[in-house]
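Okay, here's what each chain looks like letter by letter:
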Amino acid sequence: MTATPWLDVLDETIRSCATHDRPDLVRRLRVRRAELAGPKVRVLVLGESGQGKSQLLNGLLGSTVCAVGDDVTTTVPAVLQHASGPTASLLSDPRSGGAATSGDPTAGASRTASDPAFRPVPADDRLPAPYTGPSSVAARSGAPASRTGSRLPIPAGWHSVGTPLDSLVLEGPALADPPSEEAAQRTPVDVDAATAEANRRADVRRVEIGLPRKLLESGLTLIDTPPVGPDASAAEHTRAALSMVPQADAVLLITDVTREPSEPECDLATQVFALCPNAAVVFTKTDLVPEWERIAERTRARLASRGMPATVFGVSASLRMVAAESNDADLNQESGYPALISYLHKDLMGNIAQVRKRSVGALSRLALERLVVPLRERLTEVQQGGNEELSAKYRAASQKLEEVQRESSRWQTMLSDEVADLNADLDYDLRDRTRRILREADEYFDTADPVKDWPEFEQWLRENLRTAAEANSTWLLDRFEYIAHRLAAAIMPRDPGLFASDAVLTDVPREEIEDLKMPTVEKFTVGQKLFTGMRGSYGGLLMFGLATSLAGMELINPISISAGVAFGAKSVLEERETRLKRRQATARTAAHRHVDDFFLAYGKQSKDTVRLIQRELRDRCNAVAQELRTEISDTAQRIKQVMENETAERNTAARQLAKRIEELEVLRRRADALAPKSPVRELSA
């Protein structure tokens, strides 16, 4: 047998739900598909307590099969279907723990709330129950019926938190695993007492009533539901009733006409229409409000303004029962039931394929929206990009690389400046130390005789020059260690010990200080002394000899000889002193020359050492900076590569998401085509 187009749409929706990992939706849609494959058309009757739902059904069937009253009289679903004879059965769950012992009308509330996934089960063979025929009904009453509570048929805990009805249906309590029909316990009861008995027992899941009615003969199944309402006491009934909406082929929203529906009530109607497009609004108790047609028309206009054109009916169960007793056709027409029955027969049962197509379209659209919404959110997230952290790291790495490049020129300038200062300081220090040595040498040779004291002076000068060289070298190394720490702090602030002194600062090359050669000094020999004495004594002898010759003495006499000896001795002493001064001057000159040679030689060695260490530091700094630049550049490249890969993955994911969304949108448009806005029937009474 060839599948109908709407069944193809439903099957594709189920496959899409399975593809997108939504087993909950798959299960619910498969349950609904199995129901749509059956011959029955389920019409769900929803309304607040006291709105006349049960009376409406009694009027349709011409029998008081549904319990009525001012209190909550419907706590379990009542399934009204065709049977060859009147039958009624209570289906109870053996796992629920037994029947209630009191007549509490809310005894079945916890059971209906715990079994939201109600699935009407086709009745097979049932034990017949006694049937007493239609009971008499009350005549028209002029007093308005009482209405308990506000007109807000919105489940407690649903509208207050903003949860839409389709979420309650599609993503509400998961389908429980109900017992099979064989496991379910069936209890035959009297038809008239079936609903009342079911309401008193806590173990009953539903009541099934079969009646030989022509209205039901074509497969129409009417389902009376627990009342909906805003009160916390009715919350469980509300959730139980609303959870059956997706399993209904059509919905009748029941409200009495004694007051116009409130905004929350219209909100609920709007969402029920969105979930089940085969819905109509039925105003009850029209016999109590002569101008009920204007209220109904305004309600239909309000729903139409919300984009939900609704078919509206007005009925009176009281008039229907009186017309049945009196066989009054005009009164029956006035009750409004013929128009409602015509809607059920012609619009629903006479057009089953269209009804089911619209139901499938609405349900498929809601299920597909559950799939599209997270995909759109994911697509937005993917398009906005999720690599802000990587982008920040890449920017930080780029800034760090630029900073390292700027620091490279800065530390090179700093190294040059520090080395220039060091050279100047070292030159000044060495010059100052050598000058102090020379001053001490000059003072020493003011009294010392180089001939006698030169070895001692040479030893002293050597030690002082070595001390000056060592002090100067130590200062050189200390300053370079300081410079190395500054460079390390500039290049790698977190690693100030980057340039260890034992790895960078090599030993200062030292050369042995040359020996100080004794200068050539003239010795004052005995012959020289004799010659000097004779030369000096000659003048004294001659001068005093001539002077004494005037006195008649000989030229050479004791006085002249004494004077010659004195003058000779003075000449020898003066010559010796003069020769000592010359030797001291020669020694000073030799010392100055030696110190100058030391200054030039050691200064050259010191400057060479400075250049060697400067080059070593420069090369090491360049190597570290290059390594740091390479590391940062590699890190930036890796981050960029990851970003490019993620961007490519996001683009791929975005294309895939867009493709999946488009596929679902195409399927959703097909579902929308199954459930177009239906034409509105004229208001009927």
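Side note on the overall build of the chain
Counting its regular elements, the chain contains 19 helices and nine strands. Buried positions account for 47% of the 685 residues belonging to the chain. By sequence separation, contacts in the chain at least 24 residues apart represent 86% of the contacts at least 6 residues apart. Accessible surface, the chain as shown: approximately 33,500 Å² in total, 53% of it carbon and sulfur.

Observations regarding the nonpolar core
Grouped together as the largest cluster of nonpolar side chains are 43 residues, with contacts concentrated most on Leu60, Ile209, Leu222 and Leu340. If you tally residues by element for this core, the top one is helix H13 (residues 337-348), at seven residues. In this structure Ile209 touches Val65, Val79, Leu80, Gln81, Thr87, Ala88, Val191, Ala194 and Thr195, once residues within four positions along its chain are discounted. Core analysis: the second largest hydrophobic core is formed by 31 residues, Val245, Ala269, Cys276 and Leu366 among them.

Focus: helix H16 (residues 450-491)
End to end, H16 covers 57 Å across 42 residues, agreeing with the expected 62 Å (1.5 Å per residue, within 8%). The largest bend in H16 is about 35°, located at Glu456.

Overview of the side chain of Asp249
Along the chain, the position of Asp249 falls in the loop between helix H8 (235-242) and strand S7 (250-256). There is a polar contact of 2.7 Å between the side chain of Asp249 and the backbone nitrogen of Arg42. When neighbours within four sequence positions are excluded, Asp249 is seen to be in contact with Arg32, Leu36, Lys40, Val41, Arg42, Cys276, Asn278, Val355, Arg356 and Ser359.

Focus on the packing of aromatic side chains
Inspection of the entire model under this criterion finds eight aromatic pairs. Ring centres of Phe445 and Phe457 lie 4.5 Å apart, and the angle between their planes is 65°; on these two criteria the pair is classed as edge-to-face. With Phe445 in the loop between helix H15 (388-444) and H16 and Phe457 in helix H16, this residue pair connects regions lying twelve residues apart in the sequence. Phe457 shares its class with Phe445; the two are buried. By way of ring pairs, the aromatic residues Tyr444, Phe445, Trp454, Phe457 and Trp460 are connected into one cluster.

A word on the environment of Ile661
Summarising the element assignment, Ile661 is placed in helix H19 (residues 558-674). When residues no more than four places from it in sequence are discounted, the contact partners of Ile661 are Val372, Leu375, Arg376 and Leu379.

Considering the environment of Val191
With respect to the element layout, Val191 can be found in the loop between strand S4 (185-188) and helix H6 (194-200). Given the relative accessible area of 0%, Val191 is considered buried. Spatially, the C-alpha atom of Val191 lies 8.9 Å from that of Thr64, the residues being 127 residues apart in sequence.

Side note on the pairing of strand S1 (residues 41-47)
Of all seven residues that make up S1, seven are buried, and the element is covered over most of its length. Neither face of S1 is left uncovered, since the one carrying Val41, Val43, Val45 and Gly47 and the one carrying Arg42, Leu44 and Leu46 both have all their residues buried. With five bridges connecting them, S1 and S7 associate as parallel partners. Residue pairing for S7: Leu46 is matched across the bridge by Leu253.

A word on the sheet that holds strand S6 (residues 220-224)
Spatial ordering of the open sheet is given by S4-S3-S5-S2-S6-S1-S7-S8-S9, a layout of nine strands whose pairing is mixed. Two strands close off the open sheet at either side, each with one partner strand: S4 and strand S9 (311-314). With direction set aside, neighbouring strand axes in the sheet form an average angle of 25°. Two strands pair when backbone bridges link them, and strand S2 (residues 78-82) and S6 are joined in this way by three bridges, in the antiparallel orientation. Looking across to S6, one finds that Val79 is bridged to Ile223.

A look at the confidence of the model for the chain
The predicted model of the chain averages 75 in pLDDT, with 76% of residues at 70 or higher. Least confident of the elements in the chain is helix H4 (residues 109-114), whose mean pLDDT is 36; most confident is S6, at 91. Taken together, the stretch residues 98-168 has pLDDT below 50 and engages in 187 contacts with residues farther than four places along the chain or on a different chain.

Remarks on the packing of H15 against H16
Between H15 and H16, the least distance of the axes is 10 Å, while the angle of their chain directions is 165°. The angle between H15 and H16 falls in the class roughly antiparallel. Note on packing geometry: the crossing formed by H15 with H16 is right-handed. For the contact of H15 with H16, the residue count by class is 24 nonpolar, two polar and twelve charged.

A look at unusual backbone geometry
Non-glycine residue Asp21 carries a positive phi angle of around 60°. Its place among the elements puts Asp21 in the loop between helix H1 (5-19) and helix H2 (23-36). Residue Lys285 is not a glycine yet carries a positive backbone phi of 60°. With respect to the secondary-structure elements, Lys285 resides in the loop between strand S8 (279-284) and helix H10 (292-305).

Remarks on the side chain of Thr221
Residue position: Thr221 is located in strand S6. Beyond its immediate chain neighbours, meaning those up to four positions away, Thr221 contacts Lys40, Val41, Arg42, Val43, Val79, Leu80 and Gln81.

Considerations on a nonpolar patch on the surface
On the surface, Leu542, Leu546, Leu555, Ile556, Ile561 and Val565 cluster together to form a nonpolar patch covering roughly 530 Å² of accessible area. Of all elements in the fold, only helix H18 (526-549) and H19 reach the threshold of two or more residues within the nonpolar patch. Counting through the fold element by element, Ile556 comes out in the loop between H18 and H19. Given a relative accessible area of 57%, Ile556 falls into the exposed group.

Some details on the packing of H2 against helix H14 (residues 352-384)
For the pair H2 and H14, interaxial distance at closest approach is 12 Å and the crossing angle is 175°. Relative to H14, H2 is oriented roughly antiparallel. Residues Leu25, Leu29, Arg32 and Leu36 of H2 touch H14, and the partners they reach there are Arg356, Ser359, Val360, Leu363, Ala367, Arg370 and Leu371. Taken together, the residues of the contact of H2 with H14 sort by class into seven nonpolar, one polar and three charged.

Points about the pattern of salt bridges
A complete count under the given rule lists 33 salt bridges for this structure. One salt bridge connects Asp432 with Arg436, and the closest N-O pair in it is separated by 2.2 Å. Separated by four residues within a single helix, Asp432 and Arg436 lie in helix H15, roughly one turn from each other. Classification of Asp432 as partly exposed rests on a relative accessible area of 27%. Among the ionic pairs, Asp446 bridges to Arg588, the shortest N-O distance being 2.3 Å. Here Asp446, found in the loop between H15 and H16, pairs with Arg588, found in helix H19; they are 142 residues apart in sequence, far enough to count as distant.

Analysis parameters
Residues numbered from 1 in each chain as written. Predicted model: local features only at pLDDT ≥ 70, side-chain atom pairs only at ≥ 80, totals over all residues. Heavy atoms only, no water. Helix = DSSP H or I, 4+ residues; strand = E, 2+ residues; numbered from the N terminus. Buried < 20%, exposed > 50% of the residue type's maximum accessible area, 1.4 Å probe, protein only. Contact = heavy atoms within 4.5 Å. Areas by Shrake-Rupley, 256 points an atom, 1.4 Å probe, with all protein chains shown as cover. Core = buried A, V, L, I, M, F, W, Y, C linked by side-chain atoms within 4.5 Å. Expected span 1.5 Å × (residues − 1). Bend = angle between axes of the 7 residues up to and from the residue. Polar contact = N/O pair within 3.5 Å; in protein donor to acceptor, adjacent residues only side chain to side chain. Phe/Tyr/Trp six-rings, centres within 6.5 Å; stacked < 30°, edge-to-face > 60°. Pairing = 2+ DSSP bridges. Axes fitted to C-alpha atoms, helices over the stretch in contact; angles between N-to-C directions. pLDDT = per-residue confidence, 0-100. Parallel < 35°, antiparallel > 145°, perpendicular 65-115°, else oblique. Left-handed = near helix turned anticlockwise from the far one by under 90°. Nonpolar A, V, L, I, M, F, W, Y, C, P; charged D, E, K, R; others polar. Patch = residues over 30% accessible without salt bridge, like charges linked within 9 Å, V, L, I, M, F, W, Y side chains within 5 Å. Salt bridge = Lys/Arg side-chain N within 4 Å of Asp/Glu carboxyl O.

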